[in-house]
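# Structure at a glance
Chain by chain, the residues run as shown.
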Amino acid sequence: MIKDERWEKVYSFDDSPYLMEILTELRNKETDSIAFRKGLVKLGRFMGYEIIKTMDIEKIKIETPLEETEGIIVKDRRNIVIVTVLRAAVPLMEGLVKVFEHARIGIVSASRGKAPKFEIEMNYIKIPQITPEDTVIIADPMIATGSTLVKVIEEVKKYGTPKRLIVLGVLAAPEGIERIKEEFPEAEIFVTKIDRELNSKGYILPGLGDAGDRAFGAPIKISTLPQVHTIE
Ligand SMILES: O=P(O)(O)OC[C@H]1O[C@H](OP(=O)(O)OP(=O)(O)O)[C@H](O)[C@@H]1O
Ligand SMILES: O=c1cc[nH]c(=O)[nH]1
Ligand SMILES: [Mg+2]
């Protein structure tokens, strides 16, 4: 895990050959949806595992079948709220719950409009109560302009003040991180890698394309569907 010099509490995993190999596969345009989703699941699991290393541990005494010994417990691992941002965070969440099996789960939908406004439409918001013992992990693979996450964090904060507020993503553009840190300096950001920049349409470069479409296929507009006849 590498702390980025530009901001407080922003980390990437350029130092992990395994995570970089998974990212390379996600970036490759030849990678199909099945492999893409599997890659996101793996990143959720292994980045979750890295986040556990930043949590407090407590020593406990236990008895093996043979004698008493000391062990540890990662208490914060039991107080997790994962907020999943539809669509693309679904496979990331699947990976995260493998290491945070006690997690309570929030699901929100967020859809980004076109440049230059990038208006965010949030229709579906289901978030559990957040307590001061909780670590909230907001999962969204792509932090581009940061518009989506700013909206999501505003919403999440209405449900309580957590011990830690973590954003977990795959790729981020510096512009998006800057925006989130400006509004929420307390947010900790963990991403597989911080990329170079955004293009004029708000896509991350070199990026991996549209994460939702690559994971689930591009949606079609209903108006392009062939006519079906209705039975009166
Ligand atoms: O930082 P931003 O500029 O706000 O962009 C990032 C958002 O864009 C993508 O979602 P999208 O709106 O494409 O929805 P989708 O997951 O349904 O494709 C991605 O999953 C983020 O939520
Ligand atoms: O590069 C980007 C930017 C926003 N959303 C994506 O899915 N990809
Ligand atoms: Mg999309």
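Being a predicted model, the structure only gives us computed values, none of them experimental. (Residues numbered from 1 in each chain as written. Chains lettered and ligands numbered in written order. Predicted model: local features only at pLDDT ≥ 70, side-chain atom pairs only at ≥ 80, totals over all residues. Heavy atoms only, no water.)

## What to know about the UniProt feature "binding site: 5-phospho-alpha-D-ribose 1-diphosphate" (unreviewed entry) in the protein
For the record, the criterion: UniProt positions are given in the numbering used here, feature names are shortened, and annotations may be inferred rather than shown by experiment. By definition, any uninterrupted DSSP run of H or I lasting at least four residues is a helix, any uninterrupted run of E lasting at least two residues is a strand, and each is numbered from the N terminus. Burial classes follow relative accessibility: with a 1.4 Å probe on protein chains only, a residue under 20% of its type's maximum area counts as buried, one over 50% as exposed, and anything between as partly exposed. We call two residues in contact whenever any of their non-hydrogen atoms come within 4.5 Å of each other. N or O atoms within 3.5 Å of each other form a polar contact, as long as, within protein, one can give a hydrogen and the other can take it, and as long as residues adjacent in sequence are counted only when both atoms are side-chain atoms.
Those residues carrying the UniProt feature "binding site: 5-phospho-alpha-D-ribose 1-diphosphate" (unreviewed entry) are Arg87, Arg112, Asp140, Pro141, Met142, Ile143, Ala144, Thr145, Gly146, Ser147, Thr148 and Asp210 in this numbering. In this fold, isoleucine 143 is placed in strand 11 (residues 142–143). Taking the relative accessible area as the measure of exposure, isoleucine 143 reaches 1% and is therefore buried. Excluding residues that lie within four positions of it along the chain, isoleucine 143 makes contacts with Leu149, Val167, Leu171, Ala172, Ala173, Gly176, Ile177, Ile180, Ile189, Val191 and Ile204. Aspartate 210 has contacts with Arg87 and Tyr203, leaving out every residue within four places of it along the chain. Reaching out from aspartate 210, the side chain makes a polar contact with the side chain of tyrosine 203 at a distance of 3.4 Å.

## Quick look at the site of ligand 1
Applicable threshold: The criterion for a residue being near a molecule or strand is simple. One of its heavy atoms has to lie within 4 Å of it. Residue type decides the class: Asp, Glu, Lys and Arg count as charged, Ala, Val, Leu, Ile, Met, Phe, Trp, Tyr, Cys and Pro as nonpolar, and the leftover types, Gly among them, as polar.
The local shell around ligand 1 holds 16 residues, among which Arg87, Arg112, Asp140, Thr145 and Thr148 are the closest. Here an oxygen atom of ligand 1 and a backbone polar atom of alanine 88 are 3.4 Å apart. Sorting the residues of the shell around ligand 1 by element identifies strand 7 (111–112), strand 11 and helix 4 (147–156) as the ones contributing at least two each. Here the shell around ligand 1 is built from residues that sort into 6 nonpolar, 6 polar and 4 charged.

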